Number of protein chains: 2
Amino acid sequence: MDRIMLAHGGGGKAMEDLIKNIFLKSMGNEILNGMEDAAALNIEDVVPSLPDSGDCRLAFTTDSFIVKPAFFPGGDIGRLSVCGTVNDLLCRGALPLYMSASFIIEEGFEIKKLEKIAGSMAKTSREAGIKLVAGDTKVAEKGSVDGIFINTSGIGVIPPDINISIKNARPGDAVIISGTIGNHGMAVLSAREGLEFESPLKSDVAPLVEMVQNIISIKGAVKVLRDPTRGGVAEVLNEIASRSGVGIEVWEEKLPVDPAVLSACDMLGFDFLHLANEGKIIAVVAHEKAKDVLEAIKKSRYGEKAEIIGRVNNSGLVTLKTRFGTFRIIDRPFGELLPRIC
Amino acid sequence: MDRIMLAHGGGGKAMEDLIKNIFLKSMGNEILNGMEDAAALNIEDVVPSLPDSGDCRLAFTTDSFIVKPAFFPGGDIGRLSVCGTVNDLLCRGALPLYMSASFIIEEGFEIKKLEKIAGSMAKTSREAGIKLVAGDTKVAEKGSVDGIFINTSGIGVIPPDINISIKNARPGDAVIISGTIGNHGMAVLSAREGLEFESPLKSDVAPLVEMVQNIISIKGAVKVLRDPTRGGVAEVLNEIASRSGVGIEVWEEKLPVDPAVLSACDMLGFDFLHLANEGKIIAVVAHEKAKDVLEAIKKSRYGEKAEIIGRVNNSGLVTLKTRFGTFRIIDRPFGELLPRIC
């Protein structure tokens, strides 16, 4: 294999291998190697002259967005680019504060579209309480970039006593998803391919600030947070199992899926567990706090359809208990199911 | 004008108008509107629970790199992407600390090239003392992105007592450039067009950490720092004049230019003042400290050919005093002289 394949950008095993073999090999360090959704930086390392920082840390994350089409049912690349970075910060337990935005635009792109995208970013930033403080604009000649690509990077602050990491799942913990699965992936796919379904499919793209702030304030409850974007729920569950050294059992009957997504999946032969979500979190929480967390999510914006979907065990495998009581393994996707989903 | 033109990415007037009319209009705030090379964030705003932070600030900046070709004499997109962000942080007087890197790669891109780029980023990061702590990788299908684009965002810390801003130039101040002008732009152009000159042209791409740390430690000396990238020296001088509300007189006989760049400019009809530099700073310094600053730059790596090239006045214009004693106005470029130079 001597060339980049679409699979290398799919959020699955091929991407992990590429990152480890190329980027971590030459540029790895104790922070980058953690491969978390956001880096956690000790304030004392950032500003050594500071007196005791009371165990606060900075969270720092970056994401580029190349979604096709740039406008899709339920959102656009502008809203997506803000939510992606906001939700990555939240997944370390950080309060999102500051954001940068860098645009790569194709020569000939309609300025009206750009205005719409900027307006969408502004609206979403206000909702998320994050402030855009740095930007960059590049233009490439026609044919060198497909429309518009946006990078956002974000800074947040992780309060003392918060320790959320992909390594923290332990047998007995409950696994919660904050709502229905697969809406973003299926909405983008249908927009791209011009598919029409009986019920309209809409992306779930949303900033989950209120939801995450509500649940991390429940003491000793939340251990892992991850947003199931590329690679979907299947990828995230496998990453948690592998990085925490545990197994996870998921109950099919508890998985919340919109009927429209389910029937589109049936028709097109997709597994909704592999579809991207852009307004959902998977939370691994202490067993005894699971109901409190579920209730807090359900009361939050975008969390009405949350469910406890499974339990962490020590099997080392991610398994699905079907409606019929049988088990199957939930594999991580190798590569790219749907390119340019985010 | 209803579509994006290459000029909108050229670093000149067209780009400024686009930023103001689209991005600042919908997303502007007191920090973003400053349009500095990096945002300065009060630590107290970032971490309100902190005790007195001693007037330290965080610097935060972002840049996307789409240079064509990705490999050029004297550097590559990897080294460029690190230097661009490092130098932007330095231009606010910050010590660069942490960096993110986000890759958008074309399907089919050679993995060997990617390894070379990552190696180059690693080497340059080590030289600059900046640590990569967050990353992202996207792959777009063949034809949707031209090779590889890289975004880097960076965080640094601005020590107390440092107040460097594009608004700080005052009549009487000296204007210094840290070395020869136009090397990056001409090197990329020659590589792209397959031009061959008698003397080889090399990009100046370099991280200027040592140089800037040396000069900002001279008390009360440095008022403005800016790296003359897109739009070149002409653009930066005009930005300083306009944002500080001053004029600048530049002395042609003092401008350091490599003979190879000069003869290439003559041949191709370019003005070297419009060419991009990626390892240079323009410093506006207090008149009485100008010689100390010049000496400190000359002693630093990449600063041997520094010169005092002019003086700030109150004319409101940027003028060039030619070798013949006549004057001409140095205009800011309207748009894109050389697309995809960085």
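Conventions used here
Residues numbered from 1 in each chain as written. Chains lettered and ligands numbered in written order. Predicted model: local features only at pLDDT ≥ 70, side-chain atom pairs only at ≥ 80, totals over all residues. Helix = DSSP H or I, 4+ residues; strand = E, 2+ residues; numbered from the N terminus. Rg over C-alpha atoms; globule rule 2.2 N^0.38 Å. Buried ≥ 20, exposed ≤ 12 C-beta atoms within 10 Å, placed from the backbone. Contact = placed C-beta atoms within 7 Å. Axes fitted to C-alpha atoms, helices over the stretch in contact; angles between N-to-C directions. Parallel < 35°, antiparallel > 145°, perpendicular 65-115°, else oblique. Left-handed = near helix turned anticlockwise from the far one by under 90°. Nonpolar A, V, L, I, M, F, W, Y, C, P; charged D, E, K, R; others polar. Pairing = 2+ DSSP bridges. Expected span 1.5 Å × (residues − 1). Bend = angle between axes of the 7 residues up to and from the residue. Core = buried A, V, L, I, M, F, W, Y, C linked by C-beta atoms within 7 Å. Least-squares fit on C-alpha atoms with pLDDT ≥ 70 in both. Domains from an automatic or database assignment.

Here's the deal with the overall build of chain A
Here is step 1 of the chain: For chain A, the helix and strand inventory stands at 9 helices and 14 strands.
Here is step 2 of the chain: Here the C-alpha atoms of chain A give a radius of gyration of 20 Å, agreeing with the 20 Å that 2.2 N^0.38 yields for 342 residues.
Here is step 3 of the chain: Taken over the C-alpha atoms alone, chain A extends approximately 60 × 55 × 45 Å along its principal axes.
Here is step 4 of the chain: The 342 residues of chain A split such that 59% are buried.
Here is step 5 of the chain: Across chain A, the fraction of contacts at a sequence separation of at least 24, relative to all contacts at a separation of at least 6, is 83%.

Considering the packing of helix α4 (residues 111-128) of chain A against helix α1 (residues 13-27) of chain B
Think of two packed helices as two axes; the pair is described by the angle between the axes and how far apart they sit.
Here is step 1 of the chain: Close contact between α4 of chain A and α1 of chain B brings their axes to 8 Å; oriented N to C, the two are set at 20 degrees. Regarding the angle of α4 of chain A to α1 of chain B, the classification is roughly parallel. Viewed along their axes, α4 of chain A and α1 of chain B form a crossing whose handedness is right-handed. Contacts between α4 of chain A and α1 of chain B pair Leu114, Glu115, Ala118, Gly119, Met121, Ala122 and Ser125 of chain A from the former with Ile22, Phe23, Ser26 and Met27 of chain B from the latter.
Here is step 2 of the chain: The class makeup of the residues in the contact of α4 of chain A with α1 of chain B is 7 nonpolar, 3 polar and 1 charged.

Remarks on the sheet that holds strand β12 (residues 307-313) of chain A
Residue and element names in this part refer to chain A.
Here is step 1 of the chain: The sheet built from 7 strands is open, its strands ordered β9-β11-β8-β12-β10-β13-β14 with mixed pairing. The outermost strands of the open sheet, each flanked by one partner alone, are β9 (222-226) and β14 (327-329). Here the strands of the sheet are splayed against their neighbours by 25 degrees on average, with no regard to which way each runs.
Here is step 2 of the chain: In terms of strand pairing, strand β10 (residues 247-251) meets strand β13 (residues 318-321) through 4 bridges, oriented parallel.

With respect to helix α1 (residues 13-27) of chain A
Here is step 1 of the chain: The end-to-end C-alpha distance of α1 of chain A is 20 Å, a good match for the 21 Å that 15 residues give at a rise of 1.5 Å each.
Here is step 2 of the chain: Its maximal kink placed at Lys20 of chain A, α1 of chain A deviates by approximately 35 degrees.
Here is step 3 of the chain: Of the residues making up α1 of chain A, those classed as buried are Ala14, Met15, Leu18, Ile22, Phe23 and Met27 of chain A.
Here is step 4 of the chain: Close packing links the buried residues of α1 of chain A with α4 (111-128) and β6 (131-140) of chain B.

A few points about the pairing of strand β9 (residues 222-226) of chain B
Every regular strand shows the same layout, with side chains that alternate between the two sheet faces.
Residue and element names in this part refer to chain B.
Here is step 1 of the chain: Taken across its 5 residues, β9 has 5 buried, putting it largely inside the fold.
Here is step 2 of the chain: Bridging between β9 and strand β11 (residues 282-285) involves 4 bridges; their strand directions are antiparallel. Considered in β11, the bridge of Leu225 is made with Ala283.

A few points about the sheet that holds strand β2 (residues 57-65) of chain B
Residues and elements named next belong to chain B.
Here is step 1 of the chain: Ordered in space as β1-β2-β7-β5-β6, the 5 strands form an open sheet in which the pairing is mixed. Where the open sheet ends on each side, the last strands, each with one partner, are β1 (39-42) and β6. Within the sheet, the average angular offset between the axes of one strand and its neighbour, ignoring direction, is 15 degrees.
Here is step 2 of the chain: The sheet contact formed by β2 and strand β7 (residues 148-158) spans 9 bridges and is antiparallel. If you follow Thr62 over to β7, its bridge partner there is Ser153.

Considerations on the nonpolar core
Here is step 1 of the chain: Formed by 244 residues in total, the largest nonpolar core has its most connected members in Phe60, Ile176 and Ala283 of chain A together with Phe60, Ile176 and Ala283 of chain B.
Here is step 2 of the chain: Looking at this core, the element that brings in the most residues is strand β5 (residues 95-106) of chain A, giving 8 residues.
Here is step 3 of the chain: With near-sequence residues (within four places) excluded, Ile176 of chain B lies in contact with Ala283, Val285, Ala290, Val293, Leu294, Ile297, Ala306, Ile308 and Ile309 of chain B.

Considerations on the relation of the copies chain A and chain B
Here is step 1 of the chain: Superposing chain A onto chain B takes a rotation of 180 degrees plus a shift of 0.0 Å along the axis, which leaves an RMSD of 0.0 Å. The two molecules are tied by a two-fold rotation axis, judged by turn and shift. Among all residues of chain A, the one whose C-alpha sits closest to the rotation axis is Val145 of chain A, at a distance of 2.2 Å.
Here is step 2 of the chain: Both copies share a contact surface, since 100% of the interface residues of chain A are interface residues in chain B too.

A closer look at the domain arrangement of chain A
Where interface size is given, it is often the accessible area lost as the parts come together that is meant.
Residue and element names in this part refer to chain A.
Here is step 1 of the chain: Considered domain by domain, chain A is made up of domain 1 (36-158) and domain 2 (174-329).
Here is step 2 of the chain: Taking the mean C-alpha position of each, domain 1 and domain 2 sit 23 Å from one another.
Here is step 3 of the chain: Domain 1 puts 24 residues into the contact, and the matching count from domain 2 is 22 residues.
Here is step 4 of the chain: For the side of domain 1 that touches domain 2, the element with the highest residue contribution is helix α3 (residues 77-90), accounting for 9 residues.

A closer look at the interface of chain A and chain B
Here is step 1 of the chain: At the interface, 75 residues of chain A touch 75 residues of chain B.
Here is step 2 of the chain: Of all the elements in the fold, those that place two or more residues in the side of chain A that touches chain B are α1, β1 (39-42), α2 (43-46), β2 (57-65), β5, α4, β6 (131-140) and β7 (148-158) of chain A.
Here is step 3 of the chain: With 10 residues, β6 of chain A is the single largest residue contributor to the side of chain A that touches chain B.
Here is step 4 of the chain: Grouping the constituent residues of the side of chain A that touches chain B by class yields 42 nonpolar, 20 polar and 13 charged.

Quick look at the environment of Ile117 of chain B
Residue and element names in this part refer to chain B.
Here is step 1 of the chain: As for its placement among the helices and strands, Ile117 is situated in helix α4.
Here is step 2 of the chain: Taking the C-beta count within 10 Å as the criterion, Ile117 has 25 such neighbours and is therefore assigned buried.
Here is step 3 of the chain: For the pair Ile117 and Gly75, spaced 42 residues apart in sequence, the C-alpha to C-alpha distance is 9.7 Å.
Here is step 4 of the chain: The contact partners of Ile117, leaving out residues within four places of it in the chain, are Asp76, Ile77, Gly78 and Ile148.

Some points on unusual backbone geometry
Here is step 1 of the chain: Here the bond from Lys68 of chain A into Pro69 of chain A is cis, since omega is 0 degrees, no more than 30 degrees from zero.
Here is step 2 of the chain: Here Pro69 of chain A shows up in the loop between β2 and β3 (71-72).
Here is step 3 of the chain: With a phi angle near 55 degrees, Arg340 of chain A is a residue other than glycine that sits in the positive phi range.
Here is step 4 of the chain: Its place among the elements puts Arg340 of chain A in the segment after β14.
Here is step 5 of the chain: Even without a glycine there, the phi angle at Asp161 of chain B is positive, about 70 degrees.
Here is step 6 of the chain: Along the chain, Asp161 of chain B turns up in the loop between β7 and β8 (174-177).
Here is step 7 of the chain: Look at Asp161 of chain B and you get exposed, because 11 C-beta atoms sit within 10 Å.

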